[in-house]
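Examination of the molecular architecture
Now for the letters of each chain:
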Amino acid sequence: MTQGLAACLESPDADVGRGTTELVLTKFAETARAWSQEVTDLCCWQDDHLLDAPNADALERNRTAIRHLLRLGSLLGRVVEDGNFEDAPTRDMVAATMNTLRDMDRLWASSPMPAAEADAVLARVFPNVA
Amino acid sequence: MPCSRGSSRMSPELERLLWARWRRDQACPEDRAAADAEYGRQLALALQQAPRETGRDLLLAALDSQYLEFRRQRRSEMIAKVPGRA
């Protein structure tokens, strides 16, 4: 349970700084979680709209969404990387979501490696077949 | 061949790596950090056994190509499990 600043100021025993900090950081964690959920939802949308013969409009909308989410993630990342930010689960979630988005950006923004070339690379790295 | 395009079978190490990435991408926010860490471990293992000329960027580009096919397969399997959509 968090208290707002005004309530803390009215209470002589309240820790004014702590109450405000908890309120803001709780809202921040909720915001970061909502952003991460948007990335999961985008992944599901891609599965439904882009895996089989996607049209150009859908591909462009997807790229726009990824860029938008990356910009938001960059802002969130500046907060969680601050030395005073102590919410480790939120920090780890933001970092993992940014990794997901960077992979997503490369996957959909660039021209895919031709299948034969990709298979040749993977055959060198994974030579053992079950 | 290491992958599942056509009739060839996929290497178990490659399959683990693709599954780890798929789970990370599909994860809910609370599970994403652990899923990302597991994908990072699998990717590091793959890079350790890769020839020197196969750097991280080249491996990721090759994986992207395979990953789309992997996602198509997962999606087809999920649709097949839904009554009336098979």
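Everything below is about the structure printed above this text.
My aim in this report is to walk through the structure given alongside it, one point at a time. Just so we're clear, the structure is a prediction, and the values are computed from it rather than from any experiment.

1. A few points about helix α2 (residues 16–49) of chain A
- With 34 residues, α2(A) should reach 50 Å at 1.5 Å per residue; the first-to-last C-alpha distance of 50 Å fits that figure.
- Turning to α2(A), its buried residues are Gly19(A), Phe28(A), Ala29(A), Ala32(A), Trp35(A), Ser36(A), Val39(A), Thr40(A), Leu42(A), Cys43(A), Gln46(A) and Asp47(A).
- At its buried positions, α2(A) is contacted by α1 (5–10), α3 (56–80) and α4 (88–109) of chain A together with α1 (12–26), α2 (29–49) and α3 (56–81) of chain B.

2. Focus: the state of the cysteines
- Under the criterion given, the structure shown has zero disulfides over all chains.
- Left without a disulfide partner, Cys43(A) is nearest to the cysteine sulfur of Cys44(A), which lies 6.0 Å away.
- The class of Cys43(A) is buried, set by a relative accessible area of 0%.
- Free of any disulfide, Cys28(B) has its nearest cysteine sulfur in Cys44(A), 12 Å distant.
- Cys28(B) gets classed as partly exposed once you look at its relative accessible area, which sits at 30%.

3. Some thoughts on a nonpolar patch on the surface
- On the surface, Leu5(A), Leu9(A) and Val16(A) cluster together to form a nonpolar patch covering roughly 250 Å² of accessible area.
- Structurally, Leu5(A) can be placed in helix α1.

4. A word on the interface of chain B and chain A
- Facing 43 residues of chain B, the contacting portion of chain A comprises 35 residues.
- Surface buried jointly by chain B and chain A totals about 3,600 Å² across both partners, of which 59% is contributed by carbon and sulfur atoms.
- Of all residues in chain B, the largest losses of buried area upon contact with chain A belong to Pro29(B), Arg71(B) and Arg75(B), amounting jointly to 18% of the total for that side.
- Across the chain B-chain A interface, the total number found is seven salt bridges.
- A salt bridge links Arg33(A) to Glu30(B); its shortest N-O distance comes to 2.4 Å.

5. A few points about the pattern of salt bridges
- One pass over the structure, following the stated rule, counts 16 salt bridges over all chains.
- Arg71(B) is paired through a salt bridge with Asp47(A); the nearest N and O atoms lie 2.9 Å apart. Of this pair, Arg71(B) sits in helix α3 while Asp47(A) sits in helix α2, on two different chains.
- With relative accessibility at 1%, the residue Arg71(B) sits in the buried group.

Rules used throughout
Residues numbered from 1 in each chain as written. Chains lettered and ligands numbered in written order. Predicted model: local features only at pLDDT ≥ 70, side-chain atom pairs only at ≥ 80, totals over all residues. Heavy atoms only, no water. Helix = DSSP H or I, 4+ residues; strand = E, 2+ residues; numbered from the N terminus. Expected span 1.5 Å × (residues − 1). Buried < 20%, exposed > 50% of the residue type's maximum accessible area, 1.4 Å probe, protein only. Contact = heavy atoms within 4.5 Å. Disulfide = S-S within 2.5 Å. Patch = residues over 30% accessible without salt bridge, like charges linked within 9 Å, V, L, I, M, F, W, Y side chains within 5 Å. Areas by Shrake-Rupley, 256 points an atom, 1.4 Å probe, with all protein chains shown as cover. Salt bridge = Lys/Arg side-chain N within 4 Å of Asp/Glu carboxyl O. Buried area = accessible area lost by both parts, 1.4 Å probe.

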